[in-house]
Amino acid sequence: MRIQLNGEPLELADGQTVAGLIAQLDLVGRRVAVELNLDIVPRSQHASTVLAEGDRVEVVHAIGGG
Amino acid sequence: MSQVRNDKPFTLAGRTYQSRLLVGTGKYQDLEQTRVAIEASGAEIVTVAVRRTNIGQTPGEPNLLDVISPDRYTILPNTAGCYDAAEAVRTCRLARELLDGHNLVKLEVLADQKTLFPNVIETIKAAEVLIKDGFDVMVYTSDDPIIARQLAQMGCIAVMPLAGLIGTGLGICNPYNLRIILEEATVPVLVDAGVGTASDATIAMELGCEAVLMNSAIAHAQNPVMMAEAMKYAIEAGRLAYLAGRMPKKLYASASSPLEGMIR
């Protein structure tokens, strides 16, 4: 299946979870926040949230700013 | 002369801070310079931006929040770069998730890339949604006293008018508007944006601001770490001068040394 990750298309195995995606992106243990189709996915639900074709996922972190 | 002001602690969302200097983390050379400058500033509240994670790039790179630890500093995520209310609200919700439920945010909704002037209409729309959603909103706004009053009445916990445009370093461009905002203030008023050097920060504090937020004035100084320290003293000096109450201005001289006992 294909999702949009941070505005770019990404091929994923069917049934992939948010936690699986984070692992695939090498972001385990990093301080990131996830939004799925405009809704926040709390960290406690990463493992139980299954992604679907066409999902729009945003993964963000903190950077320098004023 | 009898109007000596009593010091009041600087409190935001129920937490009291010793430092009245808030600093940003943008525009530094690297994370190490960011860390050292912020330490030198004595700031306890530090703003950060929220952006898409670069996928697949430099995975081992240190994270800003590894250097500016949320255990040590109060992290104030901002909505810089947002041009409408919906985008700003999304950013705040992501920030809250990122910081484990921390509700303090700096709301800024911009109108125009050339001036980075706030879009107050979108700012008010976003503030309404965020306050309802339980956020403690510190709001960046224009130096319009009527808007400042309205934002405070809505429930923003601090109103932060610009003293000059973001990143210009032009200083306190309209102290008279700030004075009106400060006279009417029912929540902490902080100058956010415009400060260029230490004297600007002092002027803001002498006017009676609760605190000052700055980024470029430190990060774009020739020596950011030294300027960070200068700002610490500038804020303290301005606060003390405000509490002490300045002498009245006079047109003509008034001798400081007594006239009695002169040799003639």
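Since we're looking at a predicted model, the values are computed, not measured.

What counts and what doesn't
- Residues numbered from 1 in each chain as written.
- Chains lettered and ligands numbered in written order.
- Predicted model: local features only at pLDDT ≥ 70, side-chain atom pairs only at ≥ 80, totals over all residues.
- Heavy atoms only, no water.
- Helix = DSSP H or I, 4+ residues; strand = E, 2+ residues; numbered from the N terminus.
- Expected span 1.5 Å × (residues − 1).
- Buried < 20%, exposed > 50% of the residue type's maximum accessible area, 1.4 Å probe, protein only.
- Arc of directions from axis to C-beta.
- Contact = heavy atoms within 4.5 Å.
- pLDDT = per-residue confidence, 0-100.
- Polar contact = N/O pair within 3.5 Å; in protein donor to acceptor, adjacent residues only side chain to side chain.
- Axes fitted to C-alpha atoms, helices over the stretch in contact; angles between N-to-C directions.
- Parallel < 35°, antiparallel > 145°, perpendicular 65-115°, else oblique.
- Left-handed = near helix turned anticlockwise from the far one by under 90°.
- Nonpolar A, V, L, I, M, F, W, Y, C, P; charged D, E, K, R; others polar.
- Pairing = 2+ DSSP bridges.
- Core = buried A, V, L, I, M, F, W, Y, C linked by side-chain atoms within 4.5 Å.
- Buried area = accessible area lost by both parts, 1.4 Å probe.
- Salt bridge = Lys/Arg side-chain N within 4 Å of Asp/Glu carboxyl O.

**Student:** Outline helix 9 (residues 224-244) of chain B, supporting the account with residue identities and numerical values.
**Tutor:** Residues and elements named next belong to chain B. Here helix 9 is 21 residues long and its end C-alpha atoms lie 30 Å apart, about the 30 Å a rise of 1.5 Å per residue gives. If you check which residues of helix 9 are buried, you get P224, M227, A228, M231, A234, I235, G238, R239, Y242 and L243. The arc that holds every buried residue of helix 9, seen down its axis, measures 160°, which confines them to one face. Every exposed residue of helix 9 that faces more than 90 degrees away from the buried side is listed here: M226, L240 and A244. Against the buried residues of helix 9 lie strand 3 (21-23), helix 1 (31-41), helix 7 (198-207), strand 10 (211-214) and helix 8 (216-219).

**Student:** Can you break down the confidence of the model for chain B residue by residue, with the values?
**Tutor:** When pLDDT is averaged along chain B, the result is 95, and 97% of the positions lie at 70 or above. Per the prediction output, this complex has pTM 0.93; the corresponding ipTM is 0.95.

**Student:** A description of the environment of B:V36 should follow, citing residues and the corresponding values.
**Tutor:** Residues and elements named next belong to chain B. On the secondary structure map, V36 appears in helix 1. Since its relative accessible area comes to 29%, V36 is described here as partly exposed. When the C-alpha atoms of V36 and L213 are compared, they prove to be 18 Å apart, with 177 residues separating the residues in sequence.

**Student:** Tell me about the side chain of B:T74, and please be specific about residues and values.
**Tutor:** All names here are of chain B. Inspection of the secondary structure puts T74 in strand 5 (residues 74-77). Its relative accessible area of 4% is what places T74 among the buried residues. Polar side-chain contacts of T74 include one of 2.9 Å to the side chain of R15.

**Student:** Which residues make up the packing of helix 7 of chain B against helix 9 of chain B, and what values do they have?
**Tutor:** Residue and element names in this part refer to chain B. Two numbers describe how helix 7 lies on helix 9: the axes approach to 7 Å, and their chain directions differ by 25°. What the angle tells us is that helix 7 and helix 9 run roughly parallel. In this structure, helix 7 crosses over helix 9, and the sense of that crossing is right-handed. Counted together, A198, A201, T202, M205, E206 and L207 of helix 7 and M227, A230, M231, A234, I235, A237, G238, R239, A241 and Y242 of helix 9 form the full contact between these two elements. Across the contact of helix 7 with helix 9, the residue classes tally to 12 nonpolar, two polar and two charged.

**Student:** Can you lay out the pairing of strand 1 (residues 2-5) of chain A for me, pointing to particular residues and giving the numbers?
**Tutor:** Successive residues of a regular strand alternate their side chains across the two faces of the sheet. Residue and element names in this part refer to chain A. Only one face of strand 1 is buried: it carries I3 and L5, and the other face, with R2 and Q4, is open. Bridging between strand 1 and strand 2 (residues 8-11) involves four bridges; their strand directions are antiparallel. Bridge assignment links Q4 to a residue of strand 2, and that residue is P9. Connecting strand 1 to the next strand, strand 2, in antiparallel fashion are two residues, including N6 with a positive phi near 45°. Alignment of strand 1 against strand 5 (residues 56-64), held across two bridges, turns out to be parallel. Each bridged residue has a counterpart across the sheet, and for Q4 the counterpart in strand 5 is R56.

**Student:** Got a sec to walk through the nonpolar core? Specific residues and values, please.
**Tutor:** Ranked by internal contacts, the top residues of the largest apolar core, which has 68 residues, are B:L107, B:M214 and B:M231. Setting aside anything within four residues of it in sequence, one finds B:M231 in contact with B:L21, B:V195, B:G196, B:T197, B:A198, B:A201, B:M214, B:A217 and B:I218. Counting 16 residues, the second-largest nonpolar core is a separate cluster that includes A:V18, A:L25, A:L51 and A:V57.

**Student:** Summarise the interface of chain B and chain A; cite the residues concerned and give the values.
**Tutor:** Frequently, the measure chosen for interface size is the accessible area that the parts lose on association. Counting residues at the interface gives 28 residues for chain B, matched by 26 residues for chain A. Taken over both partners, the interface formed by chain B and chain A buries close to 2,500 Å², and the fraction arising from carbon and sulfur atoms is 53%. Considering only the surface of chain B that becomes buried against chain A, B:R52, B:E97 and B:L98 emerge as the three largest contributors, covering 26% of it. Linking chain B with chain A are five salt bridges, by the criterion used here. The salt bridge partner of A:E35 is B:R90, with a shortest N-O separation of 2.6 Å. The interface formed by chain B and chain A includes 18 residue pairs in polar contact (both at pLDDT 80 or more). Counting only elements with at least two residues in the side of chain B that touches chain A, the list comes to strand 4 (45-52), helix 2 (64-67) and helix 3 (85-98) of chain B. Considering every element that reaches the side of chain B that touches chain A, the biggest residue donor is strand 4 of chain B, with six residues. Residues of the side of chain B that touches chain A, tallied by class, amount to 11 nonpolar, eight polar and nine charged.

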